[in-house]
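What follows is each chain in one-letter form.
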Number of protein chains: 2
Amino acid sequence: MNQIFSDRISDVPKSFIREILSTTLHKDVISFAGGLPNRNFFPVEQIKEASQRVLDQYGADVLQYSMSEGHLQLREWIAKRYKEKMNLDVHPDQVLITSGSQQGLDLVGKILINERDHVAIEEPGYLGAIQAFSIYRPTFEPVPMHFEGLDTDVLKEVIQGKRIKVLYTVPSFQNPSGISHTDENRDEVAKIVSSRQTILVEDNPYGELCFTEKTHKSYYTRIPDQTVLFGSFSKTFVPSFRIGWLVAPKELYDKLLIAKQASDLHTNYYAQCVLYQYLCDNNMDEHISAIREKYFNQKEAMIRSIQKHFPEEVQYSNPDGGMFLWAILPEGISAHKVFHEAIKHHVAFVPGDPFYVDKKDINTMRLNFSCVDEPTIEKGISTLGKILKKYVAEEKAF
Amino acid sequence: MNQIFSDRISDVPKSFIREILSTTLHKDVISFAGGLPNRNFFPVEQIKEASQRVLDQYGADVLQYSMSEGHLQLREWIAKRYKEKMNLDVHPDQVLITSGSQQGLDLVGKILINERDHVAIEEPGYLGAIQAFSIYRPTFEPVPMHFEGLDTDVLKEVIQGKRIKVLYTVPSFQNPSGISHTDENRDEVAKIVSSRQTILVEDNPYGELCFTEKTHKSYYTRIPDQTVLFGSFSKTFVPSFRIGWLVAPKELYDKLLIAKQASDLHTNYYAQCVLYQYLCDNNMDEHISAIREKYFNQKEAMIRSIQKHFPEEVQYSNPDGGMFLWAILPEGISAHKVFHEAIKHHVAFVPGDPFYVDKKDINTMRLNFSCVDEPTIEKGISTLGKILKKYVAEEKAF
């Protein structure tokens, strides 16, 4: 039977995260491994009210087949928010509602990637993007991340040597690293990309979860004709609705719409209407403020615990937003081995491996702080610290 | 910019139906062109109750990320119904919840179709399947439909001459033709396919909407290891939720699950829970009975009007279920031309062209009866009849 499968499906990496999550679900495990938003902020009552109001007001209208572009008023809301929050001029006709931003990745893959086309992706990078694009069998060109953003020397080299169709990046509070591209880095990246026929995919699921007043300008302000913006309601509203969106220049939009239609006709329209009703009836800014404050406090707690317990040889990011923090161990220490030791002591995190296209036993680890309370953070990081100290001492002795 | 697009996206046929739908949306047009279920059967109040109950009982649990396989209890419900209604042994672990069965098509394309692989599809066939598979650039091998089902002579020829990876069919109350494969036809098709490494995709969105007691056995009873079954709640519950499913043998299931995860992580979990709650609290059999009765009466009204008004040279199907009826005009008459004439007289239908892989100005037409009441059916068919008589007379004179 094996020979019946397409070549592409064997290229898709299995989700290691999915596998390790099962080992971390036990009640007594302190898990920094997840990537889930904190469920305490899910507006259960408000969603109940919105569901009722939508059905009372519109009845069967919200239950029929609908447009592939998505709910017009929701697209207008998104366009308006871009203007208000980021001073971006986005027309609702450029907004395509997707079944989570994961689907946006699939659609971009569908319309842009031929087999063996070159796709540049930041490294470490978002695993879901690697999986989604793998279906279309590109050659991945990893571009390393520094604490300031993309390594522009490597990017320049890669982009000059090869025809890069897509550059995929999460420039704000990245998953997995928590790092944001500085404005200088963005300027330079945009300049490099602008000289080429490359589409920059700016995936921005965490942008609203910023801990400071300082905001970074989207690539869309720099190279609008080459940028596809992704957004998501999974981290500011709820994930189970699977509602995200993308913003694309007209020519790309038309093709993305064809791909969307072929993929699932349209995103759940009842859910789009409930979400839009929620947005009308509630103060999204206040809601997001509360999430920011909580995540900020948890991040601060994690930083304090790291300073206290981690050996000084370990480097780490101090994110200005999002849900993740990144630690870099001294070279030669496999975070994978640390993971197996840690799980014996009931602490979990994600070792860096799955965030690299083709590297193994990497010395990096992703620590999620959105779902763990402050005392538990201290406890878990303290345990991790002991293990790391042992490994660092061994490495030195070696 | 054009050279940036993947080769595949230019292969996807535009949805002609989508285009003509816009011309048929005017209030004064009698439309047999749609493919929508009748909105009078959407259980608005029950969905409101189910939404509330789910949030009251489970709160944030139904709002978090969830499993790619789909809601376990919903999958169990589906497996149980297969047993009850069709005496099929399906394990819940074989059921994958999809974002509508359109997504099932995309997933099958992802895991099975390499460029230029041969995909057999009934002709006329479901446009959405042609669109979804086109993304993966197969060579389509059309297999004509007769009033009894697939043309087995052609199927035999095609399957012996070429390696057919996928045979796509809607064997019950097909869209667009309303035709069902007879049991004899199914036996023969299964026999032909069983000798080959071919996956038969049995798409069955209308199976529950049967007008008689007589049911046809699924291909799954004949060739379970080679059959992927598709199902949908769009026609028995509501379409806007975009919830369908597929049933696949283990080896295929594992790959389909990877493809599902890469495509959108999982289907809206809140919606899955609301649907499951609805199924628990309501009598689905009674609900479906009511739809059947209504559609049957509308179909009967359409048949009566056709007998009265269409020229006798026009052949037509008399479906035992579903939402569509198929008319075959004398050779040489383009249903496309008839459509343009009909729309001037405020009557719409879908000319056959989009249901063929590579034919134009076809002499067939799809007539939808699910959304039009009986007096309107009589009025619209009578108008169509006059136009058809004119065309038939002209064709004879010619």
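Conventions adopted
Residues numbered from 1 in each chain as written. Chains lettered and ligands numbered in written order. Predicted model: local features only at pLDDT ≥ 70, side-chain atom pairs only at ≥ 80, totals over all residues. Helix = DSSP H or I, 4+ residues; strand = E, 2+ residues; numbered from the N terminus. Expected span 1.5 Å × (residues − 1). Buried ≥ 20, exposed ≤ 12 C-beta atoms within 10 Å, placed from the backbone. Contact = placed C-beta atoms within 7 Å. Least-squares fit on C-alpha atoms with pLDDT ≥ 70 in both. Axes fitted to C-alpha atoms, helices over the stretch in contact; angles between N-to-C directions. Left-handed = near helix turned anticlockwise from the far one by under 90°. Nonpolar A, V, L, I, M, F, W, Y, C, P; charged D, E, K, R; others polar. Pairing = 2+ DSSP bridges.

### Observations regarding helix α10 (residues 284-309) of chain A
Quick reminder: α-helices carry 3.6 residues per turn. Residues three or four places apart thus point the same way. All names here are of chain A. Helix length check: α10 (26 residues) gives 37 Å between terminal C-alpha atoms against 38 Å at 1.5 Å per residue, within 8%. For α10, the complete set of buried residues consists of Tyr295, Gln298, Lys299, Met302 and Ile306. Looking at the buried residues of α10, the elements they touch are β10 (315-316), β11 (324-328), β14 (364-368) and α12 (374-397).

### Section: the relation of the copies chain B and chain A
The second copy of the chain is related to the first by a rotation about an axis and a shift along the axis. Of the transformation superimposing chain B on chain A, the axial component is 0.0 Å and the angular component is 180 degrees, with the fit at an RMSD of 0.0 Å. In short, the pair behaves as if placed about a two-fold rotation axis. Minimal C-alpha separation from the rotation axis in chain B is found for Ser51 of chain B, amounting to 3.4 Å.

### Observations concerning the packing of helix α4 (residues 100-112) of chain B against helix α5 (residues 127-134) of chain B
All names here are of chain B. Relative to each other, α4 and α5 sit at 35 degrees, their axes nearing to 8 Å. Seen along the crossing, α4 lies across α5 with a hand that is right-handed. Note on element contacts: α5 touches α4 through Gly128, Ala129, Ala132 and Phe133, opposite Gln102, Leu105, Asp106 and Gly109. Grouping the amino acids of the contact of α4 with α5 by side-chain chemistry returns 4 nonpolar, 3 polar and 1 charged.

### Digging into the interface of chain B and chain A
On the side of chain A, 60 residues touch chain B, which itself brings 60 residues to the contact. For the side of chain B that touches chain A, the secondary structure elements donating two or more residues are α2 (44-58), α4, α5, α9 (250-264) and α10 (269-281) of chain B. For the side of chain B that touches chain A, the element with the most residues is α9 of chain B, which contributes 8 residues. In the side of chain B that touches chain A, the residues fall into 30 nonpolar, 19 polar and 11 charged.

### Observations regarding the sheet that holds strand β4 (residues 139-146) of chain A
In any sheet, the strands associate via hydrogen bonds between backbone groups, in a parallel or an antiparallel arrangement. What the 8 strands build is an open sheet, ordered β2-β9-β8-β7-β6-β3-β4-β5 (chain A); its pairing is mixed. Looking along the sheet, the strands with just one partner apiece sit at the ends: β2 (95-98) and β5 (149-150) of chain A.

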